[in-house]
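Analysis of the macromolecular model
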Amino acid sequence: MNRGLFISIEGSDGSGKSTQLSYIREYFRDRNLDAVFTREPGGTSIGEKIRNVILDNENSEMCPLTEAMLYAASRAQHVRELIIPALKEGKHVVCDRFVDSSIAYQGHGRELGDCVSVINGFAVGDCMPDYTFFLDLDPEVGRGRIRSDAFDRLEQEKLTFHRRVYDGYVKLLSEEPERFIRIDASGTVEEVKEAIYASLDEIFQIRERNNG
């Protein structure tokens, strides 16, 4: 049995991940591709409880290192309970955010630096996405798409924070160009969808050739 593909979806807040994930789900369903869709933080019962703590607006006193370690704790459980078993069963895994989010948000946004990569090295081991879609959108534009009364604890941060996050993503793209697939998220929903579908077609064509 061939191992499934592990695909993650990344982007700044307001970049349209949720909308595009619904289309990606349709892509897999229409082609009868066996896939598990999950999210971070969360994905497991334990992870969802940690998610509630991380994003709760009442936890304004949470220090950046606590935040980073909570994300890593949720991820460690997620990888071992859900992601690795699904991949071994030959299922594809599509994850709304993964380790790159921590590097961008906590490493760059919170300015914790390389310790975030070290912490998450223990959390994920060698379980990394085969491909990562990055929905590229200016953070100021993205924040303008979200109702301010719907902001979670991280979304409430100032624009300077979100610009550091975006810069963190850009740095990751430059470091791992073979894994990351940049998608211009400034276009219409349909344009973004078509770009993602075209990339998914290419990914599965490559996989078919390699397995043939």
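Structure first, text after, so check above.
As a starting point, this report considers the structure included with it. Position numbers for residues count from 1 along each chain, tracking the sequence in the order it is written. At least 70 in pLDDT is required for a residue's local features to be given in this predicted model, at least 80 for side-chain atom pairs to be given and counted, and no such filter applies to totals for whole chains, interfaces and linings, which use all residues. To get the side-chain values, take all heavy atoms of the structure and skip hydrogens and water.

1. What to know about the sheet that holds strand β1 (residues 6-11)
Ordered by their spatial adjacency, five strands build an open sheet running β2-β3-β1-β4-β5, and the pairing between neighbours is parallel. Of all strands in the sheet, those with a lone pairing partner are β2 (35-39) and β5 (180-184), marking the two edges. On average, adjacent strands in this sheet sit at an angle of 20° to one another, irrespective of strand direction. Contacts from helix α7 (residues 159-175) reach β1, β4 (131-136) and β5, with the element oriented near 140° to β4. Any two strands between which DSSP finds at least two bridges are classified as paired. Under the DSSP-based scheme used, a helix requires at least four consecutive residues in state H or I and a strand at least two consecutive residues in state E, with every element numbered from the N terminus. Here an angle of 0 to 180 degrees is reported between the N-to-C directions of two axes, which are lines fitted to C-alpha atoms, with helices fitted over the stretch in contact. Residue contacts follow a heavy-atom distance rule, with two residues in contact if any of their heavy atoms lie within 4.5 Å.

2. Focus on the packing of aromatic side chains
Geometry of an aromatic ring pair is reported as the spacing of the ring centres plus the angle between the planes. Here is the rule: rings of Phe, Tyr and Trp (six-membered ring for Trp) pair when centre to centre is within 6.5 Å. Planes less than 30 degrees apart are stacked, more than 60 are edge-to-face, and the remainder are tilted. According to the stated counting rule, one finds ten aromatic pairs in the structure shown. Considering the side-chain rings of F6 and F98, the 5.0 Å spacing of their centres and the 80° angle between planes classify their relative orientation as edge-to-face. Placement of the pair is F6 in strand β1 and F98 in the loop between β3 (92-96) and α4 (99-109), with a sequence separation of 92 residues. Comparing F6 with F98, the two get one shared label, buried. In this structure an aromatic cluster arises from ring pairing among Y27, F28, F37, Y197 and F204. Think of it as a cone above the ring: NZ of Lys or CZ of Arg counts as a charge over the ring if it is within 6 Å of the ring centre and within 35 degrees of the ring normal. Here R31 stacks its cationic end above the ring of Y197, 5.7 Å away from the centre of that ring. Each residue gets one of three labels from its accessible area relative to the maximum for its type: buried under 20%, exposed over 50%, partly exposed in between, using a 1.4 Å probe on protein chains only.

3. As for the layout of surface pockets
Left-over empty space is what a probe sized like a water molecule reveals as it rolls over the atoms. Of the pockets and cavities examined, the largest pocket occupies roughly 630 Å³. The pocket and cavity definitions rest on a 1 Å grid over protein atoms only: a 1.4 Å probe that fits but cannot leave marks a cavity, an open set with protein on both sides within 12 Å along at least five of seven lines marks a pocket, and residues lining either have an atom within 4 Å of a point. Contributing to the lining of the largest pocket are 32 residues, with K17, S18, R51, D96 and R97 lying nearest its centre. At the level of secondary structure, the elements contributing two or more residues to the lining of the largest pocket comprise α1 (17-30), β2, α2 (45-55), α3 (64-88) and α4. Per-element tally for the lining of the largest pocket: the top contributor is α1, with six residues. Residues belonging to the lining of the largest pocket are distributed by class as follows: nine nonpolar, eleven polar and twelve charged. Grid points are joined across faces, edges and corners, and a volume is the space filled by probe spheres set on the points. For this classification, the nonpolar set comprises Ala, Val, Leu, Ile, Met, Phe, Trp, Tyr, Cys and Pro, the charged set comprises Asp, Glu, Lys and Arg, and every other residue, Gly included, is treated as polar.

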